[in-house]
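One-letter residues, chain by chain:
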Amino acid sequence: QQQVRQSPQSLTVWEGETAILNCSYENSAFDYFPWYQQFPGEGPALLIAIRSVSDKKEDGGFTIFFNKREKNLSLHIKDSQPGDSATYFCAASDNNNRIFFGDGTQLVVKP
Amino acid sequence: AQTIHQWPVAEIKAVGSPLSLGCTIKGKSSPNLYWYWQATGGTLQQLFYSITVGQVESVVQLNLSASRPKDDQFILSTEKLLLSHSGFYLCAWSPLGEGEQYFGPGTRLTVL
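Parameters and conventions
Residues numbered from 1 in each chain as written. Chains lettered and ligands numbered in written order. Predicted model: local features only at pLDDT ≥ 70, side-chain atom pairs only at ≥ 80, totals over all residues. Heavy atoms only, no water. Helix = DSSP H or I, 4+ residues; strand = E, 2+ residues; numbered from the N terminus. Rg over C-alpha atoms; globule rule 2.2 N^0.38 Å. Buried < 20%, exposed > 50% of the residue type's maximum accessible area, 1.4 Å probe, protein only. Pairing = 2+ DSSP bridges. Axes fitted to C-alpha atoms, helices over the stretch in contact; angles between N-to-C directions. Contact = heavy atoms within 4.5 Å. Buried area = accessible area lost by both parts, 1.4 Å probe. Salt bridge = Lys/Arg side-chain N within 4 Å of Asp/Glu carboxyl O. Polar contact = N/O pair within 3.5 Å; in protein donor to acceptor, adjacent residues only side chain to side chain. Nonpolar A, V, L, I, M, F, W, Y, C, P; charged D, E, K, R; others polar.

## Points about the overall build of chain B
Line of reasoning, step 1. Each helix and strand in chain B was counted, giving zero helices and 11 strands.
Line of reasoning, step 2. Along the chain direction, N to C, the helices and strands of chain B fall in the order β-β-β-β-β-β-β-β-β-β-β.
Line of reasoning, step 3. Against the 2.2 N^0.38 benchmark of 13 Å for 112 residues, chain B shows a C-alpha radius of gyration of 13 Å, consistent with a compact globule.
Line of reasoning, step 4. Taking the principal axes of its C-alpha atoms as reference, chain B extends roughly 40 × 25 × 20 Å.
Line of reasoning, step 5. Taking all 112 residues of chain B together, the buried fraction comes to 47%.

Here it is in structure tokens:
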């Protein structure tokens, strides 16, 4: 059973638009939710993260909206730029040194 | 600042041959260390984690083993490679007691 699910699998937006990436999870014990950005051939980079006690986290042009009751969250990328084109992974952890990743959303930002 | 180094950058090996991949963390004492495997275009699968020298926990069985011989070093190995071992191997670290993980640049393994 997949613990973390992401949608859409791929997303194309125009430069300047807001990209919205969705994530849902199964385990109510998860309390930490990081998002990672990965470019081809590189390791993932931690982008932004939220803990389950919060419902929103902002950092620059990135915002996480978190709904604990519905067990879902979303990453909003405001004013998307071509340089934001990458694969984005949602992950979830229960702080027992186990972290579960979704299958990723491949974002393409067209100029 | 902390730096994470993985070696080799890439490796091409024959089925049945042994393998050893390494990871070193500099600038952080007693980090938690992790190994991940990623198929091309796929998700990240956690393989092992270690919270202290000499102690390694296995998350999934893929005919691989891991060891932590020093506080700043994590080794992934196998005596006999399978075709299914091909992929991208990533090492990561996290501050003790924290949730965030920081990944290394990865090692691309091709098994022929």
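Here the narrative resumes.
## Quick look at the sheet that holds strand β1 (residues 4–7) of chain A
All names here are of chain A.
Line of reasoning, step 1. The sheet built from five strands is open, its strands ordered β1-β3-β8-β7-β6 with antiparallel pairing. Pairing within the sheet leaves two strands with one partner each, and these edge strands are β1 and β6 (56–59). Neighbouring strand axes in the sheet, compared pairwise and without regard to direction, differ in orientation by 15° on average.
Line of reasoning, step 2. Pairing of strand β3 (residues 19–25) with strand β8 (residues 72–77) involves six bridges; the strand directions are antiparallel. What sits directly across from Ala19, in β8, is Ile77.

## Overview of the interface of chain A and chain B
Line of reasoning, step 1. Tallying the contact residues gives 18 residues for chain A and 21 residues for chain B.
Line of reasoning, step 2. Here chain A and chain B share an interface that buries about 1500 Å² over both sides, 53% of which is from carbon and sulfur atoms.
Line of reasoning, step 3. Its largest share of buried area at the contact with chain B, chain A owes to A:Pro44, A:Asn97 and A:Phe101, together 33% of the area lost on that side.
Line of reasoning, step 4. At the surface where chain A touches chain B, the tally comes to zero salt bridges.
Line of reasoning, step 5. For the pair chain A and chain B, the interface holds six residue pairs in polar contact (both at pLDDT 80 or more).
Line of reasoning, step 6. The set of elements that each furnish at least two residues to the side of chain A that touches chain B consists of β4 (32–38), β5 (45–51) and β10 (99–101) of chain A.
Line of reasoning, step 7. With three residues, β4(A) is the single largest residue contributor to the side of chain A that touches chain B.
Line of reasoning, step 8. Each residue belonging to the side of chain A that touches chain B can be placed in one class, and the counts come to seven nonpolar, seven polar and four charged.

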